[in-house]
Amino acid sequence: MAGIGFVLKRLANRDDLLGVLSAFSHGTIAAAGPWLFTVIALAGIVLLFPGAYNQEDVLNFREAIVYNFSTTLMLSGPVYLVVTRYLADSIHRKRVVLAPTALLQSMALLMLLLIPFGLWFYFSFIELSFAFRITAYANLVITGATWLLGVFVLALKDYMGVSRSFFIGMVIAFVGAQIFKADYGGLGMLIGFTIGQAYILFALIAKVFAEYPYKISGPTKLHLSYQRYWQMIFAGFFYNAAIWIDKWIMWFIAPEATVLESGFRFFSLYDNATFLALLSIVPAIGLFIFSVETNFFIRYQRFYYDILEHKTLSVIRANHTKLINSIKESGRNFIVLQGSITVIAILLATKIFEILDVPFLELGIFRIATLGAFFHALMLFSVIILSYFDCRKAFMNLHAFFFITNALFTYISIEWGGFEYYGFGYFLSALCTFMLSALVLFDHIRKLPYHAFITNNNSLKEKFTGIDEE
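Conventions we followed
Residues numbered from 1 in each chain as written. Predicted model: local features only at pLDDT ≥ 70, side-chain atom pairs only at ≥ 80, totals over all residues. Heavy atoms only, no water. Helix = DSSP H or I, 4+ residues; strand = E, 2+ residues; numbered from the N terminus. Buried < 20%, exposed > 50% of the residue type's maximum accessible area, 1.4 Å probe, protein only. Contact = heavy atoms within 4.5 Å. Areas by Shrake-Rupley, 256 points an atom, 1.4 Å probe, with all protein chains shown as cover. Core = buried A, V, L, I, M, F, W, Y, C linked by side-chain atoms within 4.5 Å. Salt bridge = Lys/Arg side-chain N within 4 Å of Asp/Glu carboxyl O. Axes fitted to C-alpha atoms, helices over the stretch in contact; angles between N-to-C directions. Parallel < 35°, antiparallel > 145°, perpendicular 65-115°, else oblique. Left-handed = near helix turned anticlockwise from the far one by under 90°. Nonpolar A, V, L, I, M, F, W, Y, C, P; charged D, E, K, R; others polar. Expected span 1.5 Å × (residues − 1). pLDDT = per-residue confidence, 0-100. Patch = residues over 30% accessible without salt bridge, like charges linked within 9 Å, V, L, I, M, F, W, Y side chains within 5 Å. Phe/Tyr/Trp six-rings, centres within 6.5 Å; stacked < 30°, edge-to-face > 60°.

Peer 1: Please clarify how the overall build of the protein should be interpreted in this entry.
Peer 2: Each helix and strand counted, the protein has 16 helices and two strands in total. Classification of the 470 residues of the protein by burial places 57% in the buried group. Contacts in the protein between residues far apart in sequence, at least 24 positions, make up 80% of those at least 6 positions apart. For the protein, the exposed area adds up to about 20,500 Å²; of that, 67% sits on carbon and sulfur atoms.

Peer 1: How should the nonpolar core be read in this particular structure?
Peer 2: Soluble globular proteins tend to bury their nonpolar side chains together. One finds Tyr 122, Phe 264, Phe 267, Phe 296, Ile 385 and Phe 389 to be the most contacted residues of the largest nonpolar core, which totals 145 residues. No other element matches helix H13 (residues 363-388), which puts 18 residues into this core. Phe 267 has contacts with Met 250, Trp 251, Ala 254, Glu 256, Ala 257, Phe 419 and Tyr 422, leaving out every residue within four places of it along the chain.

Peer 1: I keep staring at the pattern of salt bridges and nothing clicks. Help me out?
Peer 2: A pair can form between side chains of opposite charge whenever their charged atoms are brought close. Under the definition given, this model contains eleven salt bridges. Across the pair Glu 354 and Lys 351 runs a salt bridge, and its minimum N-O distance is 3.8 Å. Within this pair, Glu 354 and its partner Lys 351 are both found in helix H12 (residues 349-356), separated by three residues, close to a single helical turn. Residue Lys 351 is classed as exposed on the basis of its relative accessible area, which comes to 52%. Where Asp 443 meets Arg 446, a salt bridge forms, and the shortest distance between an N and an O atom there is 3.0 Å. Pair noted here: Asp 443 and Arg 446 are both in helix H15 (residues 424-446), with a separation of three residues, about one helical turn. Given a relative accessible area of 31%, Asp 443 falls into the partly exposed group. Overlapping salt bridges bring together Arg 85, Asp 89, Asp 390 and Arg 392 as one network.

Peer 1: What am I meant to see in the packing of helix H3 (residues 56-92) against helix H4 (residues 99-125) here?
Peer 2: If you want to describe how two helices pack, look at the angle between their axes and the distance between the axes. Running from N to C, H3 and H4 cross one another at 155°; their axes reach a closest spacing of 10 Å. When the interaxial angle is binned, H3 and H4 end up roughly antiparallel. Handedness of the crossing formed by H3 with H4: right-handed. Here Ala 64, Tyr 67, Asn 68, Thr 71, Thr 72, Leu 75, Ser 76, Val 79, Val 83, Tyr 86 and Leu 87 of H3 lie close against H4, whose contacting residues are Ala 99, Ala 102, Ser 106, Leu 109, Leu 110, Leu 113, Leu 114, Phe 117, Phe 121 and Tyr 122. When its residues are assigned to classes, the contact of H3 with H4 shows 16 nonpolar, five polar and no charged.

Peer 1: Teacher, can you tell me more about the packing of helix H11 (residues 313-347) against H13 here?
Peer 2: At a minimum axis separation of 10 Å, H11 and H13 run at an interaxial angle of 165°. Judged on the interaxial angle alone, H13 and H11 are roughly antiparallel. The element H11 and its partner H13 pack so that their crossing is right-handed. Taken together, the residues of H13 that come into contact with H11 (itself represented by Ile 327, Ser 330, Gly 331, Phe 334, Ile 335, Gln 338, Gly 339, Thr 342, Ala 345 and Ile 346) are Phe 366, Arg 367, Thr 370, Leu 371, Phe 374, Ala 377, Leu 378, Phe 381 and Ile 385. Here the residues of the contact of H11 with H13 are counted per class, giving twelve nonpolar, six polar and one charged.

Peer 1: Help me understand H15, please; the structure alone is not making it clear to me.
Peer 2: Given 3.6 residues per turn, any residue in an α-helix points the same way as the ones three and four places further on. Over its 23 residues, H15 extends 33 Å from the first C-alpha to the last, a length consistent with the 33 Å expected when each residue adds 1.5 Å. Among all positions of H15, only Gly 425, Tyr 426, Phe 427, Ser 429, Ala 430, Thr 433, Phe 434, Ser 437, Ala 438, Leu 441, His 444 and Ile 445 are buried. Among the structural elements, helix H8 (230-253), helix H9 (268-279), H11, H13, helix H14 (392-417) and helix H16 (448-455) are those in contact with the buried residues of H15.

Peer 1: What am I meant to see in the environment of Gly 77 here?
Peer 2: Among the structural elements, Gly 77 can be located in helix H3. Once residues lying within four places of it in the same chain are set aside, the contact partners of Gly 77 are Thr 72, Gly 236, Phe 237 and Asn 240.

Peer 1: It is not clear to me how the side chain of His 451 should be interpreted in this structure. Could you clarify?
Peer 2: Structurally, His 451 is set in helix H16. When near neighbours in sequence (up to four residues on either side) are disregarded, His 451 contacts His 444, Asn 456 and Asn 457.

Peer 1: Where do I start with the confidence of the model for the protein in this structure?
Peer 2: Caution applies to low-pLDDT regions: their predicted coordinates should not be interpreted in detail. Looking at the protein, pLDDT values average 82 and 83% of them are 70 or higher. When the elements of the protein are averaged for pLDDT, helix H1 (residues 4-12) gives the smallest value, 54, and H15 the largest, 94.

Peer 1: What am I meant to see in unusual backbone geometry here?
Peer 2: Most peptide bonds take the trans configuration, and most residues that are not glycine carry a negative phi. We note that His 310 has phi near 60°; this positive angle belongs to a residue other than glycine. Tracing the chain through its elements places His 310 in the loop between helix H10 (282-308) and H11. Judged by relative accessible area, which is 72%, His 310 ranks as exposed. A positive phi angle, near 60°, is found at Asp 390, a position not held by glycine. Inspection of the secondary structure puts Asp 390 in the loop between H13 and H14.

Peer 1: Would you explain the environment of Val 259 in this entry?
Peer 2: Mapped onto the elements of the fold, Val 259 is located in strand E1 (residues 258-259). Overall, Val 259 belongs to the partly exposed group, its relative accessible area being 48%. Ignoring anything within four residues of it in the chain, the contact list for Val 259 reads Phe 264 and Arg 265.

Peer 1: Quick question: what am I supposed to make of a nonpolar patch on the surface here?
Peer 2: A surface patch of nonpolar side chains, about 800 Å² in accessible area, is lined by Trp 120, Phe 125, Phe 252, Ile 253, Leu 408, Tyr 411, Ile 412 and Trp 416. Secondary structure elements with two or more residues in the nonpolar patch: H4, H8 and H14. Counting residues per element, the nonpolar patch draws most heavily on H14, at four residues. Secondary-structure assignment places Leu 408 in helix H14. The class for Leu 408 is partly exposed, based on a relative accessible area of 45%.

Peer 1: Even after reading the chapter, I still don't get the packing of aromatic side chains, so can you show me in this structure?
Peer 2: The way to describe two aromatic rings as a pair is by their centre distance and the angle between their planes. Considering all chains together, one arrives at 43 aromatic pairs under this definition. When the centroid spacing of 6.4 Å and the interplanar angle of 20° are considered together, the rings of Phe 267 and Tyr 270 count as stacked. When sorted by exposure, Phe 267 lands in the same class as Tyr 270, which is buried. When the centroid spacing of 6.5 Å and the interplanar angle of 80° are considered together, the rings of Tyr 411 and Trp 416 count as edge-to-face. Counting every residue linked through ring pairs, the aromatic cluster contains Tyr 67, Phe 117, Trp 120, Phe 121, Tyr 122, Phe 125, Trp 248, Trp 251, Phe 252 and Phe 264.

What follows is the structure in structure tokens.
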């Protein structure tokens with residue numbers, strides 16, 4: 001998110017409601033674009049096709065989209081998190097001439113993961129017509145490539161362009177699904193949806209190569225980023241896998257889960273309730289990014305700038321105090337907004353379900369999942385702040401903890417709880433991970449001057465593998 005603060009401040013300084021709303025929406029996309037697109041698309045499918053659950057053909061379409069989103073996010077996470085850091089370093093050094101080459105290298109690496117997996121999944125595990133398999137396979141590759149391209153486009157700070165591309169692509173996907181559904185059923189819906197996603201992919205490719213008009217050259221030193229930032233490889237996987245692991249366990253273990261003849265497994269009551277619950281944290285994420293990038297980041301820069309300028313200890317301590325206060329202020333605003341939304345969503349759940357025509361059997365899962373989403377959002381607050389201080393190991397360990405506890409608690413809720421406890425696994429995991437992340441964050445912030453001078457001081461490390469790009 002390098003430099004997003006300048007864009008958000010420029011939008012906010014327009015001193016009108018549209019500018020503030022634009023700042024919030026762009027901040028949300030910068031922080032959680034792929035994840036947000038996943039939730040909105042899936043929630044949209046649920047809302048647009050409420051009577052589809054008796055049509056196996058349409059269910060195959062829905063599950064192909066869900067499986068593609070979940071698997072591509074998990075497989076692409078290790079690649080796009082490392083290349084994000086590579087791009088951030090390149091922008092910091094003002095040497096982005098190798099960005100197009102790095103994009104092609106990263107895309108090739110991602111395809112090495114996606115293509116074999118897709119071949120195994122759709123041509124060995126799933127039983128569908130050849131046309132459906134080919135389309136679903138193409139959708140998987142397109143979806144995975146889109147997550148990676150999003151990193152490069154956001155690095156350009158063209159948030160309006162990204163927002164527009166995703167919006168138009170989503171409209172094409174939904175309209176195309178409706179048009180082709182009449183003649184080809186579930187296959188037609190998948191074709192229409194894939195066309196919309198293909199539009200997003202090619203729009204982002206065009207934007208990247210237009211904004212980075214440099215020749216493709218030889219190999220970059222991107223591989224050194226994988227060596228130096230190896231924690232980001234695991235963090236990228238756990239970050240996405242932790243969000244999906246409870247659903248995968250529900251699909252394959254819960255006795256209420258549905259198994260289609262094609263081999264797809266799903267649990268619509270759990271899936272719909274958790275997808276809707278996750279939507280409740282979208283406004284707070286936008287506010288959080290806006291607040292952090294226009295308040296916290298100024299204090300953050302001042303703290304390190306004055307250290308580099310060899311200012312006195314009293315000045316550094318004063319900057320430290322202001323930095324802590326800015327985190328407290330951002331956290332308080334975040335908790336108030338997200339807490340209010342969570343309480344309203346839980347209290348008005350019955351009305352919301354009536355309006356959206358959602359089965360009331362999902363009510364209990366939705367309420368506890370909404371509470372879990374609240375702590376999930378707070379956990380994101382902590383880990384994003386930690387990432388500013390380059391706490392890569394803590395970033396990786398916290399997401400690994402979230403992944404493991406979400407899997408464990410979800411399994412326990414199925415084996416020893418039953419239907420009335422579904423959703424408690426995600427809730428307890430999010431709560432525990434948030435508490436742990438808050439402890440790690442407070443401890444690091446409290447000792448920030450020590451970390452700045454000792455643990456994060458490259459000149460004191462025995463072996464510093466700085467990456468000086470050619």
